[in-house]
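Close look at the chain arrangement
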Amino acid sequence: MTAIHCRGLAKSFDGTVVLRDFDLVVESGAFVSLLGASGCGKTTALRLVAGLETPDAGRIEVGERVVVDAATGAFIAPEARRIGMVFQSYAVWPHMTVLENVAYPLRVRGVAKAQRESETRRILAVVGLDGLEERKPAQLSGGQQQRVALARGLIMEPDVLLLDEPLSNLDAKLRVRMRRDIRRIQQETGFTVLYVTHDQEEALAISDRLVILEGGEILAQGTPDELRDHPFLASEEASA
Amino acid sequence: MRRPGRVRFWLALGAVVVLGILPLALVVKKAAGAGDIFWETVTSADALDALFATLRLALGTTLVALLLGAPSAWLTTRTDVPWKGFFRTTLTLPYIVPPYIAALAWITLADPAIGFLNAPFDSGVFDIFSMHGLTWVMGLSFYPYVFLTVRAALESADPSLEDAARMSGAGPWRVVKDVAFPLARPALISSGGLVFMATASAFGAPVLIGNRAGIDFLSTRIFDLWSDDLGGIARASSLSCLLFAFALIPMLLRGRHHAVLTGQASQPTLVRLGRARRPVQVGLLLLVLLAVFLPLGAIALTACLRVAGDLSPSNFTLSKFADVLGASENGRALWTSLWLAAAAATIAVALGFLIAWLQVKTRRRGRHLLAGLAALPLATPGTVLALGLFLLWVGPVRLVYTVWILLVAYVAKHMALAARALAEGIGAVDDALPDAARMSGAKGWFLFRTVWAPLVLPSIVAGWFLVFMPSFSELTMSVILMGPDLETIGTRMYVMREYKSPTSASVLATVVLGLVIGSNLILRKLSGGRYGV
Ligand SMILES: Nc1ncnc2c1ncn2[C@@H]1O[C@H](COP(=O)(O)OP(=O)(O)OP(=O)(O)O)[C@@H](O)[C@H]1O
Ligand SMILES: [Mg+2]
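Residues numbered from 1 in each chain as written. Chains lettered and ligands numbered in written order. Predicted model: local features only at pLDDT ≥ 70, side-chain atom pairs only at ≥ 80, totals over all residues. Heavy atoms only, no water.

A short note on the overall build of chain B
Formally: Secondary structure elements follow DSSP: runs of H or I of four or more residues count as helices, runs of E of two or more count as strands, with numbering from the N terminus. Computation of the radius of gyration draws on C-alpha atoms, with the globule rule given as 2.2 Å multiplied by the number of residues to the power 0.38. The buried label applies to any residue whose accessible area, calculated with a 1.4 Å probe on protein chains only, is under 20% of its type's maximum; exposed applies above 50%, and partly exposed to all values in between.
In terms of regular secondary structure, chain B is built from 22 helices and 0 strands. Taken against the 2.2 N^0.38 rule, which gives 24 Å for 533 residues, the C-alpha radius of gyration of chain B at 24 Å falls within 12% of a compact globule. With the principal axes as the frame, chain B shows a C-alpha extent of 75 × 70 × 50 Å. Relative to its full complement of 533 residues, chain B shows a buried share of 55%.

Structure, rendered in structure tokens:
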């Protein structure tokens, strides 16, 4: 189905190298987490896969398609990649209600209004926002806005879903519940997930595989069991 | 916050009222006292024609400004069009060119008889002396309001809002329609309103072009009535009330603002124009050509011609500069404008500092009212303000027909520009800094000189130039208030145009442009790019 293959990706901003020799394979239907310190390039990696940035070198395949190749100049526009994304900064539209925000991907696809609404209400119930449909984002708390962003990503049922710290602003209990729901929905619909988080306990609990980034390079990758005793995780645990 | 000097507050309020509010009150009083004359004037066929013409001009100009300003703002912030930096600078340039100079330029370009653009044709193809011509000139002068406002709105909006729409499957145009446009709507409404107001209030360009086209506008009608001797002032005041109310219509429009907090500071993902990249670049280049290079070039070219309209090499000369600037009345006018503008800027900065300080650093009741009152003259059409100033200073303290009334007029009109720049600068100063100086025993003038002034120096300089530039090139109030022997560089140009002396007018316009653009460069450099274009 839809695996992601990144080969030799490199990206720099104004001469500063942010990502280099980035090789990553996410198998079809897998749930892979990107873990690493703040500023190590996690968001940049997601944005490259999404097509919101273009790599200086390397290529990315999503499913059968080469979505970008720096060598040939091939590029598929972000909206044509069938990739959903939940942004670290939420990116909830201030001029739309909660309902309109979450229903937007369906609206773009031309889904009829009645069906759109029922789908949206269903997914809003999953993230625990039922009853807030008509609110504007300015009337929501940070955690509620984050769940709007998450619902908007989930409703798409894309081939690939990119999640950039989607639970960072929720309390511990809600975080555990939400990550189970994400996992359940993923297993039901079978999309591929690339998940960025700071929280290694979360990463270990939820992922099929973990990738540890440091200073723009991949330090290690493996299953939770393989990496549980990795010094990077251990040192973070110690400092936490 | 500390208890502010009561004296200072009343001083500032008194100055603002005398400078800007009393004159306006006198205009209203004159109109109200005119009784029948008021209704007769306001409902006369002339007035209604002028009202209708003003409405057409203001709406047309607003439309042109929106159509030029909004797309170019989007293209230069959100797409991969080449030469973005160049376009951002050049497209803003008309902002600092006084509209009457743009009008002079377009007259040399599209005068049906001798305009450069009409040279290849037997009969005049382009006629600037028409409603369309004037709308064109005003639109090209005022679109930077829209360009700058929309650009600022797009730049302050969190770019991931647009990225999120693309990740939801929306193509570039859909993103514009569903996200970028709604986010920019408040900016479109407010800048469109500003253009409407500025156009309805404008005097210079409408009088230069409208007179020959035989079209009267409210502002030019007021000027004509004003020079009638019998009952002219009452009629002019009546019409002024109408214009004042009219120019303020856009204030009723309030765009709903979305609180857009910038989350991560990431750069917007640029829309790839693909095959449209070259055509878009050419389109923007054309706009730059029409709005900047063509008119400014025409002015400079005309200033270098012996006989207007003749482009043969033997006709080029620089001697006109010496001739025109050597003429004593021009030299005197230039000097008058220079020192008046400098004096006005200095006074406005002093007063503006007081207003801004009271507004930002004290909790006195009435401080926002003070700032609001200080801003009123800026929003008032120049013709109306000048009329009020005349009514006020005709007696008992008589300043009319002296140079001092122009000084008062420039300060009154532009003090809000200085106050605004200073409010920003003062607001950015941490309270602890002056407090520490006070704990060391500093107060009053010493405190100002040693702590405030150095900390807000950039804003003081910016405020000074922001008042200097429009005062130096001011036309409207200067023409109305000018008396015998009282001429500024603006009124000289106006007079020369009447005598059909395009070359001399162009020489002066070139000098004004040089000075304004030079001041602007200094301003930009000193403020680190925060002010100036
Ligand atoms: N548009 C940009 N221009 C310049 N530098 C950038 C840009 N985007 C990211 N960077 C830099 O690239 C580096 C990696 O940024 P990135 O956002 O990918 O980090 P991150 O791993 O997601 O961090 P965090 O966990 O804090 O979100 C940072 O040093 C950042 O300053
Ligand atoms: Mg990040």
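Quick look at the overall build of chain A
This is how the line gets drawn: All accessible areas in this document rest on Shrake-Rupley with a 1.4 Å probe, and a residue is counted as covered only by the protein chains that are shown.
Regarding its fold elements, chain A presents 8 helices and 11 strands. Its C-alpha atoms give chain A a radius of gyration of 18 Å, near enough to 18 Å, the size a compact globule of 240 residues would have. Expressed as lengths along the three principal axes of its C-alpha atoms, the size of chain A is roughly 45 × 45 × 35 Å. Carbon together with sulfur atoms contributes 47% to the accessible area of chain A, which is approximately 9,800 Å² in total.

Remarks on the packing of helix α7 (residues 159-167) of chain B against helix α8 (residues 172-201) of chain B
All names here are of chain B. Defined as follows: Working convention: axes come from line fits to C-alpha atoms, limited for helices to the stretch in contact. Angles between N-to-C directions cover 0 to 180 degrees. Crossing handedness: left-handed means the near helix sits turned counterclockwise from the far one by under a right angle, and right-handed means the same turn made clockwise. Should any heavy atoms of two residues lie within 4.5 Å, those residues are considered in contact. Gly counts as polar in this scheme, as do all residues outside two lists: the nonpolar Ala, Val, Leu, Ile, Met, Phe, Trp, Tyr, Cys and Pro, and the charged Asp, Glu, Lys and Arg.
At a minimum axis distance of 9 Å, the contact between α7 and α8 shows a crossing angle of 145°. With respect to the hand of their crossing, α7 and α8 are arranged in right-handed fashion. Where α7 approaches α8, its residues Leu 161, Glu 162, Ala 165 and Arg 166 are matched on the opposing element by Pro 172, Val 175, Val 179, Ala 180 and Leu 183. In terms of residue class, the contact of α7 with α8 is made up of 7 nonpolar, no polar and 2 charged.

Comments concerning the coordination of the magnesium ion (ligand 2)
Working reference: metal with six octahedral donors, ideal angles 90 or 180 degrees; metal with four tetrahedral donors, ideal angle 109.5 degrees. Residues and elements named next belong to chain A. Let me state the cut-off plainly: For Na, K and Ca the donor cut-off is 3.2 Å, and for all other metals it is 2.8 Å, counting N, O and S atoms only; because water is absent from this set, sites may look incomplete.
Distances from the magnesium ion (ligand 2) to its protein donors, Thr 43 (OG1) and Gln 88 (OE1), fall at 1.9 to 2.2 Å. Residue Thr 43 is located in helix α1 (residues 42-50), and its partner Gln 88 is located in the loop between β7 (83-86) and α2 (98-109); the two are separated by 45 residues in the primary sequence. Overall, Thr 43 belongs to the buried group, its relative accessible area being 19%.

Description of the confidence of the model for chain A
What counts is decided by this rule: Scored from 0 to 100, pLDDT records how confident the predictor is in each individual residue.
On average, residues of chain A carry a pLDDT of 90, and 97% of them reach 70 or more. Mean pLDDT in chain A bottoms out at helix α8 (residues 231-239) of chain A, which sits at 63, and peaks at strand β4 (residues 57-62) of chain A, which reaches 96.

Here we look at the site of ligand 1
Threshold: Nearness here has a simple test: a residue counts as near a molecule or strand if at least one of its heavy atoms is within 4 Å of that partner. Under the rule applied, a polar contact is a pair of N or O atoms within 3.5 Å (in protein, one hydrogen donor and one hydrogen acceptor; residues adjacent in sequence only if both atoms are side-chain atoms).
Near ligand 1 lie 13 residues; those nearest to it are A:Ser38, A:Gly39, A:Lys42, A:Thr43 and A:Thr44. Those chains with residues close to ligand 1 are chains A and B. Separating an oxygen atom of ligand 1 from a side-chain N or O atom of A:Lys42 is a distance of 2.8 Å. Its free accessible area being 630 Å², ligand 1 has 71% of it covered by the protein chains. Of all the elements, α1(A) adds the most residues to the shell around ligand 1, at 3 residues. Looking at side-chain class alone, the shell around ligand 1 contains 3 nonpolar, 8 polar and 2 charged residues.

Considerations on the pattern of salt bridges
Residues and elements named next belong to chain A. Just so we agree on the cut-off: The working definition used for a salt bridge is a side-chain nitrogen of Lys or Arg within 4 Å of a carboxyl oxygen of Asp or Glu.
Across all of its chains, the model carries 30 salt bridges over all chains by this definition. Put simply, Glu 53 and Arg 47 hold a salt bridge, and the shortest N to O gap is 3.1 Å. Glu 53 gets classed as buried once you look at its relative accessible area, which sits at 16%. Of the residues examined, Arg 47 reaches a relative accessible area of 6% and is grouped as buried.

Observations concerning the interface of chain B and chain A
Reports of interface size often rely on the accessible area that becomes lost once the parts have come together. Selection rule: Two parts placed together each lose some accessible area under a 1.4 Å probe, and adding up what both lose gives the buried area.
Counting from both sides, the interface comprises 28 residues of chain B and, opposite them, 29 residues of chain A. Approximately 2,300 Å² of surface area, both sides summed, lies buried where chain B meets chain A, with 58% of it carried by carbon and sulfur atoms. There are 3 salt bridges connecting chain B and chain A. For the pair chain B and chain A, the interface holds 7 residue pairs in polar contact (both at pLDDT 80 or more). For the side of chain B that touches chain A, the secondary-structure elements that each account for two or more residues are α7 and α8 of chain B. Grouping the constituent residues of the side of chain B that touches chain A by class yields 11 nonpolar, 10 polar and 7 charged.

A few points about the pairing of strand β11 (residues 217-222) of chain A
Looking down a regular strand, the side chains alternate between one sheet face and the other. All names here are of chain A. Where we set the bar: Pairing between two strands is assigned when DSSP locates at least 2 bridges connecting them.
Pairing analysis gives 5 bridges linking strand β10 (residues 209-214) to β11, with the strands arranged antiparallel. Note that in β11 the partner of Glu 214 across the bridge is Glu 217. The turn joining β10 and β11, which pair antiparallel and follow one another in sequence, is formed by 2 residues; a positive phi near 50° is taken by Gly 215.

What to know about helix α4 (residues 84-92) of chain B
The complete set of buried residues in α4(B) reads B:Phe87, B:Thr90, B:Leu91 and B:Thr92. Where the residues of α4(B) are buried, they touch α3 (45-78), α6 (131-156) and α12 (277-303) of chain B.

Topic: the side chain of B:Arg367
All names here are of chain B. With respect to the element layout, Arg 367 can be found in helix α15 (residues 367-379). When its relative accessible area of 18% is taken as the criterion, Arg 367 is described as buried. A polar contact of 3.3 Å, which involves the side chain of Arg 367, links it to the backbone oxygen of Gln 359. Excluding residues within four positions of it along the chain, Arg 367 makes contact with Phe 9, Leu 358, Gln 359 and Thr 362.

Section: the sheet that holds strand β5 (residues 65-69) of chain A
Strand pairing in a sheet takes place through backbone hydrogen bonds and is either antiparallel or parallel in direction. Residue and element names in this part refer to chain A. Across the sheet, which stays open at both edges, the 5 strands sit in the order β2-β1-β4-β5-β6 with antiparallel pairing between neighbours. The two strands at the open ends of the sheet, each matched to only one other strand, are β2 (16-26) and β6 (74-75). Note that strand β1 (residues 4-13) and β2 share 7 bridges and pair antiparallel. Its bridge partner being in β2, Cys 6 is matched across the sheet by Leu 24. Most of the contacts of α1 go to β1, to which it runs at about 120°, and overall it touches β1, β2 and β4.

Remarks on the sheet that holds strand β3 (residues 31-36) of chain A
Residues and elements named next belong to chain A. The 6 strands are arranged β7-β8-β9-β3-β10-β11 in an open sheet whose pairing can be described as mixed. In this open sheet, the two strands that pair with only one neighbour each are β7 and β11. On average, each strand axis in the sheet is inclined to that of its neighbour by 15°, with strand direction left out of account. Each of β3, β8 (160-164) and β9 (192-197) is contacted by helix α5 (residues 172-189), which is oriented at about 140° to β3, the strand it contacts most.

A look at a nonpolar patch on the surface
Residue and element names in this part refer to chain B. Rules: Each patch is built from residues lacking any salt bridge and having more than 30% relative accessible area; the joining distance is 9 Å for like charges and 5 Å for nonpolar side chains (Val, Leu, Ile, Met, Phe, Trp, Tyr).
There is a patch of nonpolar side chains on the surface, built from Trp 83, Phe 86, Leu 285, Leu 286, Leu 289 and Phe 293 and spanning about 570 Å² of accessible area. Examining the composition of the nonpolar patch, we find that 4 residues originate from one element, α12, more than from any other. Here Trp 83 is to be found in the loop between α3 and α4.

Here we look at the pairing of β1(A)
Residue and element names in this part refer to chain A. Between β1 and β2, which follow one another and run antiparallel, lie 2 residues, and Asp 14 among them has a positive phi close to 50°. Pairing analysis gives 5 bridges linking β1 to β4, with the strands arranged antiparallel. Counterpart to Ala 10 in the pairing with β4 is Ala 57.

Quick look at the environment of A:Val26
All names here are of chain A. Mapped onto the secondary structure, Val 26 falls in strand β2. On the accessibility criterion, Val 26 (0% relative accessible area) is buried. Sequence-distant contacts of Val 26, that is, excluding residues within four places in its chain, are made with Ala 3, Ile 4, Val 32, Thr 192, Val 193, Leu 194 and Arg 209.

Looking at the packing of aromatic side chains
The cut-off we apply is this: Only Phe, Tyr and Trp rings take part, Trp by its six-membered ring, and two of them pair if their centres are within 6.5 Å. Stacked means planes under 30 degrees apart, edge-to-face means over 60, and tilted covers everything else. Charge over a ring is defined by NZ of Lys or CZ of Arg lying within 6 Å of the ring centre and within 35 degrees of the ring normal.
The final tally for this structure, using the stated rule, is 21 aromatic pairs over all chains. Between the aromatic rings of B:Trp464 and B:Phe468, the centroid separation amounts to 5.1 Å while the plane-to-plane angle is 10°, which identifies the pairing as stacked. With B:Trp464 and B:Phe468 both in helix α19 (residues 444-472) and 4 residues apart, the pair spans about one turn of that helix. Classification of B:Phe468 by relative accessible area gives buried; the value is 7%. Grouped by ring-pair contacts, the aromatic residues B:Trp464, B:Phe465, B:Phe468 and B:Phe472 constitute a single cluster. Here the guanidinium or amino end of A:Arg81 rests over the ring plane of A:Phe75, the centre of that ring lying 5.1 Å away. Above the face of the B:Phe129 ring, B:Arg212 is positioned so that its terminal group lies 3.9 Å from the ring centre.

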